[in-house]
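Remarks on the overall topology
Here is how the chains run, residue by residue.
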Amino acid sequence: MLYILFTVIILLPVLLGFGSIFMKLSGIYKSNISLKILTGIISITTIFTITAFFFPLNVLVEALILFIGLAAFFYFKEYKSVWNFFAEHQWEFGVLAFITVFFGSYYPFILDHFGYYVPTVKWISEVGLVKGISNLDLVLGQMSMWHIFQAGLSNFSDPFLRLNTIVLITYLIYIFEKKSWINLIFLPVLYLFTQSPSPDLPVIAFSLMVLNEVWRANTNSVLLFLISIFIFCIKPTLIWVPLFVFLYSLLILKKSVKFVLPGICILLLFFIKNIWVFGYPVFPMQFLDLGCSWKPNAQLLKNSAEMAIQKTYDMQFTYSKIDQFSRWDYIKNWFLLEGIKGKINKLFIISLIVFFVFALKKNSTLVWILLVSVVTKSVLVLLFSAQYRFFIDVFFVIFYVFFVNRFSRKFSMTAFFVMSSVLALFLSYPNLFKNHLPSFRVGSLMGSFKAEQFILPSTYDWNHYRSYQIGNLDFKVVDGYILSFDIPIPAISPDYLKEYLDAGIFPQLKGKTLKEGFIWKNLTPKEKMQLQEVLENYLLSLHDKK
């Protein structure tokens, strides 16, 4: 906790400093602390993304950013606004901020933390954005802009990757500044994402801030659309946010379409970044084929698409079975899935129906615009991959709209403390839930509370691996575990070894260095035997660890 607190004390002024620079350059002179921090995040992420095309986001880059941010913080005298904020809210904000830091100190348990987040951050901080890295490991082709931001601050200010705690502190500041107490009820749910650099947390928190700004009739369309595009660039499934702001600005504020220009610049950078690392504008979709020589193998993309469809049905059906579904079967089987995910699916559809009835009753242009935006996003998700994690943000939105004017400060505070207490029990003693809920899969990844986390946040170490070479590629494979989260790069996830063998291909260096990127090539008979041996060694290591 103390280290996370150190990170907060260092990074919040840096972000506020860059936010002040952004506000001065854009001509926005009246803004609160939380929105300045948010624009500081957008500014630094943009700088990091451009830099990562050419250089790794190493300690020198991080030191320079920290210096500029802190210098701006003092030059623009932002410490006065921070002092005034703390003087006004005193102990109440301090208690909630302490709780937020406390939850950030637990062990990470989100599966993507080990297979996607940490490897992505390692690549960007040690090498930068790598052309065609999806040929080495398809999941790395995502390279979310949130992980670019995290990578640039991971060398010494946030080596434990708890940047999401900073986001929730910012969100908490926003709640107190705007006195939007309903948002306190969302905090305990978001605490589940603070132990990892999960992009789900910032997009939900930032989208709720945007929604609240629109609900309060903020007329700064340029800023709102820029933030909404940034949210989309972190996680494209949040497409409803830019659509909502766009329609609000055109239909209610009657703004000229010029307000989209700064946001479009960020969007173009997002597309270029994706083309560079993946070969297509939006991961993992294969539209607008530019004929890039480094795009992934078609068979692997097909495998990925089929897996996404299977995950839509919680892996309860094989792909061949799903492929035989009629249109009615597609809907019925998704709606009637066994287990908790089937219940979430039902709740999702019921929530949309209730939202539609609510819109009819309210007959408000703003509500209708929000409904259209959310339904558009929902339809796109249902068409491509209807996994519950892609529409969980919709529940937050609908809850906000229904209860925004119904919860008092006292009720929201009480609900926050009750929910936080239950969550603390859940994270501290996960075995209680594992024993009573056998289907609780994430429980196997959760570590219990340790007194040491009052000093340093809890982390996992493995660092067992073997080195191999096939063709011109020297690579590592984790030994005795399923995910390659803390072994040196370049590492290949074990799952892809089998896929490469089945497809008869293997990644290769495009040039002589990692920075020059990766392509794929067909395996020779000798190389197939080598890859088969690598796979057998890995499977034996798994067996030995049991």
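Right above here is the structure, for reference.
Below is a summary of the structure that appears in this document. (Residues numbered from 1 in each chain as written. Predicted model: local features only at pLDDT ≥ 70, side-chain atom pairs only at ≥ 80, totals over all residues. Heavy atoms only, no water.)

**As for the pattern of salt bridges**
Counting across every chain of the model gives 12 salt bridges. In this structure, E126 engages K122 in a salt bridge whose closest nitrogen and oxygen atoms are separated by 3.5 Å. Taken together, the residues E126 and K122, both in helix α5 (residues 111-126) and four residues apart, mark about one turn of the helix. Of the charged contacts, one joins D479 and R466 as a salt bridge, the two residues approaching to 3.1 Å between their closest N and O atoms. Taken together, the residues D479 in the loop between β2 (473-478) and α21 (494-503) and R466 in strand β1 (residues 465-470) connect sequence positions 13 residues apart. A relative accessible area of 16% means that D479 is categorised as buried. (Salt bridge = Lys/Arg side-chain N within 4 Å of Asp/Glu carboxyl O. Helix = DSSP H or I, 4+ residues; strand = E, 2+ residues; numbered from the N terminus. Buried < 20%, exposed > 50% of the residue type's maximum accessible area, 1.4 Å probe, protein only.)

**Comments concerning unusual backbone geometry**
In this chain, I489 is followed by P490 through a cis amide linkage whose omega measures -5 degrees. With respect to the helices and strands, P490 occurs in the loop between β2 and α21. The residue Q90 is not glycine, and still its phi comes out positive at about 45 degrees. Positionally, Q90 belongs in helix α4 (residues 78-103).

**Thoughts on the packing of helix α2 (residues 33-52) against helix α9 (residues 200-215)**
With their axes 12 Å apart at the nearest point, α2 and α9 run at an angle of 130 degrees to one another. Viewed along their axes, α2 and α9 adopt a mutual orientation that is oblique. Remark: the crossing between α2 and α9 carries left-handed chirality. Here S34, L35, L38 and I41 of α2 come into contact with α9, specifically with F206, M209 and E213. (Axes fitted to C-alpha atoms, helices over the stretch in contact; angles between N-to-C directions. Parallel < 35°, antiparallel > 145°, perpendicular 65-115°, else oblique. Left-handed = near helix turned anticlockwise from the far one by under 90°. Contact = heavy atoms within 4.5 Å.)

**Some thoughts on α5**
Relative to the 22 Å expected for 16 residues at 1.5 Å per residue, α5 spans 23 Å between its end C-alpha atoms, a close match to the ideal helical length. Residue Y117 marks the point of greatest curvature in α5, where the axis turns by about 30 degrees; the proline P119 follows within four residues. Of all the 16 residues making up α5, 12 are buried; the element is thus mostly covered by neighbouring parts of the structure. Within the sequence span of α5, burial applies to H113, F114, G115, Y116, Y117, V118, P119, T120, V121, W123, I124 and S125. Residues of α5 that are buried sit in contact with α2, α6 (145-152), α9 and β4 (518-522). Two residues or fewer past α5, G128 is found with a positive phi of approximately 105 degrees. (Expected span 1.5 Å × (residues − 1). Bend = angle between axes of the 7 residues up to and from the residue.)

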